[in-house]
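Here is what each chain is made of, one letter per residue.
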Amino acid sequence: MLHLKNFLLGLLLSLSISVSLIAQNTNNEIKGIVKNDDATFIELASIGLFLNNTSFVNSAVTNKQGEFSIKNIAPGSYTIRIDYLGYVTYVSESFSVGTTETKMLPIIILEEENNQLDEVVITKKKQIIEVKADKIIFNVASSPSASGTNGLDLLKAAPGVTLDIDNSISLLGKGNVQVYLNGVQSRLSGNDLTTFLQSLTSDTVESIEIISNPGAQYEAEGTGGIINIRLKKSVATGFNGNITSSFTKGEEYRYSNNASLNLGFEKLQANLDVTQSHNNNPVIFDDRKQQNNAILLLNSKDNQIRGGYNIGLGLESQLSNKHYIGFNGRAIFNSIDHTLNSFTDIFTAEPEALNEILFSQSLVDGRSNNYLFNGFHLWTLDDDSAITTNLSLGVYDSEQSTMQPNTYFEPDGSTIITRDDTQFDSDTHINLWSAKVDYEKNWDKISLSAGFKYAQVKTENSFKFYTVNNQTPMFDPTQSNDFDYTENVTAVYTNLNFKLCEKWSLNTGLRIENTDSRGQLFSEVETENNDVSRNYTDFFPNVGLSFDDQEKHSVNLSVGRRITRPNYQDLNPFERPTSQLVVWKGNPFLNPNYIMNYQASYSFLQKYIITASYSKTTDFFSRIVEITGDESTQIIPRNLNKSTNLGISLSAPFELTNFWEVVVFANTSQQTFKGDVESTVIDLSNWLWDYRIQNNLKLPSNILVDITFTQRSRWIWRGSVFIQGTEGLSFGIRKDFFDKKLQLRITGSDILRTQSELIYTSGYGGIDLDGIYTSDNRRFGMGLTYNFGGPKAKSKKVKSALDEELNRIQN
């Protein structure tokens, strides 16, 4: 009750401040003139105005004299985008608008597209990699080599992003990264996040935004930062869209097909996209493990086939000058066919002798359905203030049936010692709902944003275990359980931005979150910790100081605190076998981890950027392998005491010739992991470095080519396993036909097959481990896109209320 009272008082205080700070209206206006290279005025060019380079504000068209005007603009930082058929899209630099100001922009000259020259030329286009003060932007649509892959493989190509053996995502050396889609968190983690990302196709992605130190306006969830995947969106008056098909071939085929349809009227816009995908992912493990007096040599071949549909629908309408509403929903249907065949040779170490051979299988047949819905209302109170209300709902269902035949053989490999077949069904059902209200207010030198959010998660997990005799499954209640988890998160935040002078600005923010949770285990077996409740309140401050001389130099300093809560399944204390020798066990007392991020960046000419950062994470999540018998182990999530990351990154583009541009991104950091887990001391340190060199060329006939080389040093996985460094080479070729109606792409990834094998080693807690993980990374592919429809228009982007809750769902 004390926590609830504190939050109610905080909410009332925020609302009181917001109401008391409402000021008088302003009468601002932005004007400009648009011409072509011949100094001829351009009529009917489409003008879009964006606040803070992201949120659509208003639009206009030019008259016969090329003039445009946008009135009643609140003070703030803006950019404009100009589209006109046959000309390169123009995006302005950021500019500020004060109170009662008429802002006259310099004359804007649009460049013609399709300059047909016999010699090799390069035209103005969006940079493939943009490094800004607060984020890195990977413009996927500008990169030919990014075509034909799924969303998971696409992240591997993003600067500063790495994927580990289990597809967990790290950003600039830090794990526990939150993935957003169009500014809304994906609400998934673990295997479910993998399935979701594989259901996306890179040909539908416009850009990937990488935010390593988010501010207070973002959800506090995600100690590693945020990766925001922005899908392509074309909303125009009339009917338009595109159809895309792509495939890649390695050891196995992967393919996807997508159709995007858009229908726009003056005050109503609708869009529909449907993606069908098929991903076949073969993986091989060759593993040597020694514990006690046993040596286990494992060879496993894993083939994961995932296929499904990803369907999105959106409706947005401007009811009046003050009211804007919208609805968007997404349904994701996936099927899983997973076959794992493993041979384990079991030796005694002293004297070394082969005792027996275990042949085990894991045959998984499953499905998952994910439904996400979000409705929003934007109410513009006056020229300086607005209120946004969001209501979000989510439903997630997963069903899996797993057969696990296990057969022990004599050393000759043919004489059966014993056979033990098992089967289990695991079902998960999760309901989520969330609501939030955000208030924004602008003055000449100060801007305020404040908000309130409430979210509830209810999850039901069922695990039914069967012993199989003569192919007949017999239910075993002693190894079965149900696990229910409920979580309520209440949050308030306030963010203030001060323009100290023409060149300096200060951003301050505070987010307060209260978490109230309960996990209940239901089983016939008496189990400790079968009912665990928690209630805790956290404060997440964020401060940033910026300098920009508007010419050459800019500096940004920031510090912030964030949290990552455990995945729901990680809290289930019951055991779940993955084979006869290995079981997974949850930890109901797994604490959330917290991080303090410190970051400083310097930019020269908005092109050459260097960033230094330091972070300290307490109660770091690690999945620890622990000995439970002479030959058996369990994998259990544990909290390490802390981990640190001290790093520096550099980004620089170089135009070598008029047809050849090189972009370099490099990062280096020192990682440490320390903890005392069940009397096992872990104390690891490692210098990590990685870089990418991307060559962008424009050849005759407007053929675009990019060639990218990446290299990465040794890194630490799960806070306890060393992975040997890798390097890789990829390429992409793109050519447009029929006035850009048809686009052909040819791609190749890991063409030298130097990123397909990961060599790992580990030694702690009486276990020595080393092995090789082999995946299907070397791939060649082709894709086609056909575009149809009219010119582009703009749509508002409004953030969903339902955010981090589904991020922690895991199979």
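Residues numbered from 1 in each chain as written. Predicted model: local features only at pLDDT ≥ 70, side-chain atom pairs only at ≥ 80, totals over all residues. Heavy atoms only, no water.

Trainee: Where do I start with the overall build of the chain in this structure?
Mentor: Counting its secondary structure elements, the chain contains three helices and 46 strands. Looking at the 811 residues of the chain, the share that counts as buried comes to 52%. Expressed as a percentage of contacts within the chain between residues at least 6 apart in sequence, the contacts between residues at least 24 apart total 67%. Looking at the chain as shown, the accessible area adds up to about 35400 Å², and 55% of this sits on carbon and sulfur atoms. (Helix = DSSP H or I, 4+ residues; strand = E, 2+ residues; numbered from the N terminus. Buried < 20%, exposed > 50% of the residue type's maximum accessible area, 1.4 Å probe, protein only. Contact = heavy atoms within 4.5 Å. Areas by Shrake-Rupley, 256 points an atom, 1.4 Å probe, with all protein chains shown as cover.)

Trainee: Looking at this structure, I do not really get the packing of aromatic side chains. What am I missing?
Mentor: Any two aromatic rings considered together are summarised by their centre-to-centre distance and by the angle between their planes. Applying the stated criterion across every chain yields a total of 20 aromatic pairs. Pairing Phe247 with Tyr253 gives two aromatic rings, centres 6.4 Å apart and planes at 45°, and the pair type is tilted. Take Phe247: its relative accessible area is 33%, and that puts it in the partly exposed class. Judged by relative accessible area, Tyr253 falls into the partly exposed class, the value being 48%. Residues Trp433 and Tyr454 carry aromatic rings whose centres are separated by 5.4 Å and whose planes lie at 55° to one another, so their mutual orientation is tilted. Here the residue Trp433 occupies a position in strand 25 (residues 416–442), and Tyr454 occupies one in strand 26 (residues 446–469), the gap between them amounting to 21 residues. Here Trp433 falls in the partly exposed class, since its relative accessible area comes to 34%. By relative accessible area, Tyr454 is classed as partly exposed at 24%. Within the aromatic cluster, the residues linked to one another by ring pairs are Phe239, Tyr786 and Phe788. Over the face of the ring belonging to Tyr253 we find Lys249, whose NZ or CZ atom lies 5.3 Å from the ring centre. (Phe/Tyr/Trp six-rings, centres within 6.5 Å; stacked < 30°, edge-to-face > 60°. Lys NZ or Arg CZ within 6 Å of the ring centre and 35° of its normal.)

Trainee: Honestly, the pairing of strand 16 (residues 205–211) in this entry has me stumped. Any pointers?
Mentor: Within a regular beta strand, the side chains point alternately toward one face of the sheet and then the other, so they alternate between its two faces. Burial analysis of strand 16 places six of its seven residues in the buried class, the great majority of the element. Across three bridges, the pairing between strand 11 (residues 136–138) and strand 16 is antiparallel. Note on strand 16: the bridge partner recorded for Ile137 is Glu209. Sheet topology note: the strand 16/strand 17 (residues 226–231) ladder contains six bridges and is antiparallel. Of the residues in strand 17, the one forming a bridge with Ile210 is Ile227. (Pairing = 2+ DSSP bridges.)

Trainee: Quick question: what am I supposed to make of the nonpolar core here?
Mentor: Soluble globular proteins tend to bury their nonpolar side chains together. Core analysis: the largest hydrophobic core is formed by 27 residues, its most contacted members being Leu155, Val161, Ile169, Leu197, Ile208 and Ile229. Among the elements of the structure, strand 11, helix 2 (151–156), strand 12 (161–163), strand 13 (169–171), strand 14 (178–181), helix 3 (190–198), strand 16 and strand 17 are those that each provide at least two residues to this core. Among residues more than four places away in sequence, those in contact with Ile229 are Leu155, Val179, Tyr180, Leu181, Asn182, Leu197, Leu200, Val205, Ser207 and Ile208. Counting residues in each nonpolar core, the second largest holds 21 residues, with Ile42, Leu49, Phe95 and Ile108 among its members. (Core = buried A, V, L, I, M, F, W, Y, C linked by side-chain atoms within 4.5 Å.)

Trainee: Quick question: what am I supposed to make of unusual backbone geometry here?
Mentor: Only a minority of non-glycine residues have a phi that is not negative, and only a minority of peptide bonds are not trans. The omega torsion across Glu350 and Pro351 is -10°, close enough to zero to call that bond cis. Relative to the assigned elements, Pro351 resides in the loop between strand 22 (323–348) and strand 23 (353–380). One non-glycine residue, Gln471, lies in the positive phi region at around 65°. By the element assignment, Gln471 lies in the loop between strand 26 and strand 27 (472–475). Phi is positive for Arg753, which is not a glycine, with a value near 55°. Looking at Arg753, the relative accessible area reads 33%, which means it is partly exposed.

Trainee: I would appreciate a short explanation of the pattern of salt bridges in the present structure.
Mentor: Side chains that carry opposite charge are capable of pairing whenever their charged atoms lie near each other. Under the definition given, this model contains 12 salt bridges. When the shortest N-O distance is used, the salt bridge between Asp421 and Arg419 registers 2.8 Å. On the accessibility criterion, Asp421 (15% relative accessible area) is buried. The partner of Asp776 in a salt bridge is Arg779, with the nearest N and O atoms 2.7 Å apart. Several salt bridges converge on common partners, so that one network encompasses Arg511, Glu513 and Arg565. (Salt bridge = Lys/Arg side-chain N within 4 Å of Asp/Glu carboxyl O.)

Trainee: Sorry, what's going on with the side chain of Glu209 here?
Mentor: Checked against the element boundaries, Glu209 lands in strand 16. Residue Glu209 is classed as buried on the basis of its relative accessible area of 8%. Separated by 3.1 Å, the side chains of Glu209 and Arg230 make a polar contact. Excluding its chain neighbours within four sequence positions, the residues that come into contact with Glu209 are Lys135, Ile136, Ile137, Ile226, Ile227, Asn228 and Arg230. (Polar contact = N/O pair within 3.5 Å; in protein donor to acceptor, adjacent residues only side chain to side chain.)

Trainee: Would you explain a negative patch on the surface in this entry?
Mentor: Taken together, the side chains of Asp37, Asp38, Glu111 and Glu112 make up a negatively charged region of the molecular surface. Its place among the elements puts Glu112 in the loop between strand 9 (108–109) and strand 10 (129–131). (Patch = residues over 30% accessible without salt bridge, like charges linked within 9 Å, V, L, I, M, F, W, Y side chains within 5 Å. Lys, Arg positive; Asp, Glu negative; His and termini not counted. Charge placed at Lys NZ, Arg CZ, Asp CG, Glu CD.)

Trainee: When you look at the side chain of Asn777 in this model, what are you seeing that I'm missing?
Mentor: Along the polypeptide, Asn777 turns up in the loop between strand 45 (767–775) and strand 46 (779–788). Once residues within four sequence positions are removed from consideration, Asn777 is found in contact with Lys156, Ser749, Asp750, Gln755 and Ser756.

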